[in-house]
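# What the coordinates show
Residue strings, one per chain:
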Amino acid sequence: MAYDPVRFLVVRDFLNFKKTNQWAEQAPEQLTKNIDRRFYFHLLQGMIRHQRLLEEEIRSRIKKPFHKLQDSVVGILSLGIFQLYFMDKVPARAGIFETVELAVPFRIFQQKGLINAVLRNLQRDPDKKSRLLNYPLPVRTSHQDWMVARWQNSYSKSEVQSICEANNVFEGITIRTKKPWNRAQLQKKLRAEGVESRLHPIADQALIVENASECFRTNAFHEGAFYVQDSSSQVFLELTESLWKGDVLDACAAPGGKSLQILESSQLRHLVINDISRNRLLKISQNIARLNLNSQMLTISDSRRLPYLKPFDVILLDVPCSATGTIRKNPDLKWTAQPATLLKQEDLQRRLLEHSVLHLKPGGTLVYSTCSLETEENDLQIKQFLENHPEFELLPFFQLPNVPQNYSPYLTKEGYFRSLPSPEMMGFFAAVLLHRGERTENNFA
Ligand SMILES: C[S@@+](CC[C@H](N)C(=O)[O-])C[C@H]1O[C@@H](n2cnc3c(N)ncnc32)[C@H](O)[C@@H]1O
C-alpha cells in the first residue's frame, strides 16, 4: 500500500463525523497494532476538537470558496493542518508527504498539487502560531458561537477563556486508587506492567493515564486496584464523605463511578444502585465483582417512579444533563450540541428532584449533581427546588467538615460545589439539600 492506512481511516472517519455527527468509540478493526490505534484516536479526536479552526485556516489559505471544495480535499487539508499546528512530534516534512499521498485512495489526483502547496506554505510560515491569536475566541478554540455566548452570560471573561482553552486539553483518563492500595503503590505496579501514569495534581487518590486501553489489560486492573473516575467527581465525593451514611440510594447510577466511590464510605449501611438502563447497569455489577466489593442491591427503574417501600437516609441524583462540562473528554459535543436541544433534560431533572422527595426520610439528605456548565441545569434548578420546597435547606459545601485546602477553590460562596473545565478537572456542579424534618441518627448533624 503506497499510502498510510491510519491517516486514510482518520480522514474517512472525520468526513463521516462531519456528515453524521457520529463516531465510533472503537478503532476500525483493520488497526490491529496498539500504536496505530493510539495514533488514529489522537488524530481523529484532535481534528474533531479543532474542526472550526482547521476550516477557518483552509478558508484563509485557498482562493476558491470553501463550499466549492470537495469534501475529501477539506478532510485531507484538515489532517495536514492539524499535524502542523498540534503535533510537534511528527516531523513536518514526513507528515505533509503522508498527507498529500492520501489524494490517491480518495481518487482526487488532480488536487495533489493544491494540497501540497497549501501545506508547504503553512509549514514555511514563521508566524503561523502567533497568527492564530488574531482569531476570535470561538474560532481560535473551535466552539460554536452560541455556546461561548451562553457561557459569557454566566461566567467572567477570564473564566470563559479558560473553559474554552481547557476544552482542548485532554491528556488521558483519570483513575481512582482503590483501598487498601495507595496511589504511589498503584503507580509503581502499573509501571512494572509497562503503563506510565502521573499523580493527579489535585485529587488525592487519582492518577492520570495517557494510554487507557493498555491500563485495562494489566493485572492491577484485574486485581481491582483501581477504577475509572473523573477527578472532579472524586473531589466532590471526598468532600461529601461524611454524608454517605445509613441507607443510601444512587438513583441515576450508571456507569457507576460514584457508586463505587460511595461504597468506600465507612458509615454506609446499604447502597441501592439504580438506573433506567440495564446495559449501563451491567457495567457496575462487573466492576463491583472486579473490585471485590460487597454485593449491593442493583435495580432497574425509572427514578420518576421509584418502586421502593422504605425511605432512604440519603439520595444521590447525578442527573442526565447536557454534559457540557465533559467536552474535554467528548470533543464531539462541541458540534452535536444545539441550542434548541441543549437543555432537553431540564424537565426530567426537575421531575427527578420532585419524585426523590417522596423517598427520603424526614431529616434526610438529597444530593444533586451534574456535569453541566449551564446555569439552568445547576443553580436555577436548585433555586427553584428550594422555592417550591421550604421544608428543605441548602447545606453549604463550605460548612462540610475537613475541607482540604486544595479543594477549597471548588466551593462557591453560594454554597455549591463547582469545578470549571481546566487541564486537571471536568466541569461539575453539586448541591446538598437537607430536609428540615427531624434528623435521624443517620443524617448529617
Ligand atoms: C450522568 S449519568 C450518571 C453517571 C453516574 N452517576 C456515574 O457516576 O457513573 C446519568 C444516568 O441517568 C440515567 N437515567 C436517565 N434517565 C433516568 C431515569 N428516568 N431514571 C433513572 N435513571 C435515569 C442514565 O441512564 C445515565 O446512566
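Keep in mind it's a predicted model, so treat the numbers as computed, not measured. Per-chain numbering applies: the sequence of each chain, read as written, is numbered from 1 onward. Reporting in this predicted model follows two pLDDT cut-offs: at least 70 for local features of residues, and 80 or more for side-chain atom pairs to be given and counted; totals over whole chains, interfaces and linings ignore these cut-offs and use all residues.

So, on to the site of the ligand. Of all residues adjacent to the ligand, which total 16 residues, the nearest are C252, K258, I276, S303 and D318. Per-class residue counts for the shell around the ligand are six nonpolar, four polar and six charged. Here, nearness is defined through the C-beta atom: a residue counts as near a molecule or strand if that backbone-placed atom lies within 6 Å of it. Three classes are used: nonpolar for Ala, Val, Leu, Ile, Met, Phe, Trp, Tyr, Cys and Pro, charged for Asp, Glu, Lys and Arg, and polar for all others, with Gly counted as polar.

Let's shift gears to the sheet that holds strand 2 (residues 197-199). Spatially, the four strands line up as an open sheet ordered 2-3-1-4, and their pairing is antiparallel. Every other strand in the sheet has two partners, leaving strand 2 and strand 4 (226-228) as the edge strands with one partner each. With direction set aside, neighbouring strand axes in the sheet form an average angle of 35°. Two strands qualify as a pair provided that DSSP identifies no fewer than 2 bridges between them. Helix and strand assignments follow DSSP, with helices taken as H or I runs no shorter than four residues and strands as E runs no shorter than two, numbered in order from the N terminus. Where strand 1 (residues 173-177) and strand 4 come together, three bridges link them in antiparallel fashion. Note that in strand 4 the partner of T177 across the bridge is F226. For helices, the axis comes from a line fit to the C-alpha atoms of the stretch in contact; other axes are also lines fit to C-alpha atoms, and the angle between any two N-to-C directions lies between 0 and 180 degrees.

Its location among the elements puts K344 in the loop between helix 17 (333-336) and helix 18 (346-357). A residue is classified by how many C-beta atoms lie within 10 Å of it, and K344, with 12 of them, is exposed. Placed 33 residues apart in sequence, K344 and E377 show a C-alpha to C-alpha distance of 10.0 Å. To sort residues by burial, count the other C-beta atoms lying within 10 Å of each one's C-beta; a count of 20 or more means buried, 12 or fewer means exposed, and anything in between means partly exposed. C-beta atoms are built from the backbone.

Along an α-helix, a turn takes 3.6 residues, which lines up residues three or four apart on a common side. Counting buried positions along helix 14 (residues 231-239) gives eight out of nine residues, so the element sits mostly inside the fold. For helix 14, the set of buried residues is S231, S232, S233, Q234, V235, F236, L237 and L239.

Before going further, it helps to examine the domain arrangement of the chain. The split of the chain into domains comes from an automatic or database domain assignment. Each domain of the chain was delimited in the assignment, giving domain 1 (5-135), domain 2 (173-228) and domain 3 (231-435). Using only C-alpha atoms to locate each centre, domain 1 and domain 3 end up separated by 39 Å. With seven residues of domain 1 in contact, the opposing surface of domain 3 contributes four residues. In terms of residues, the side of domain 1 that touches domain 3 owes the most to one element, helix 2 (residues 34-49), which gives three residues. Partitioning the side of domain 1 that touches domain 3 into residue classes produces three nonpolar, three polar and one charged. Our contact criterion uses C-beta atoms placed from the backbone: two residues qualify when those atoms are within 7 Å.

With respect to the helices, strands and loops of the structure, D379 is situated in helix 19 (residues 379-388). A count of 17 C-beta atoms within 10 Å places D379 in the partly exposed class. Residues D379 and V319 lie 60 residues apart in sequence; the distance between their C-alpha atoms is 14 Å.

We now examine the packing of helix 4 (residues 71-86) against helix 6 (residues 112-124). It is at 10 Å that the axes of helix 4 and helix 6 come closest, and there the two elements cross at 20°. In this view, helix 4 runs roughly parallel relative to helix 6, as classed from their interaxial angle. Here helix 4 runs over helix 6; the crossing is right-handed. Where helix 4 approaches helix 6, its residues V73, I76, L77, G80, I81 and L84 are matched on the opposing element by I115, V118, L119, L122 and Q123. Taken together, the residues of the contact of helix 4 with helix 6 sort by class into nine nonpolar, two polar and no charged. Here roughly perpendicular refers to angles of 65 to 115 degrees, roughly parallel to angles under 35, roughly antiparallel to angles over 145, and oblique to all remaining angles. The sense of a crossing depends on the near helix, which, turned anticlockwise from the far helix by less than a right angle, makes the crossing left-handed and, turned clockwise, makes it right-handed.

Structurally, E374 is set in the loop between strand 9 (360-370) and helix 19. Taking the C-beta count within 10 Å as the criterion, E374 has 24 such neighbours and is therefore assigned buried. The contacts of E374, once residues within four sequence positions are left out, are S322, T324, L342 and L343.

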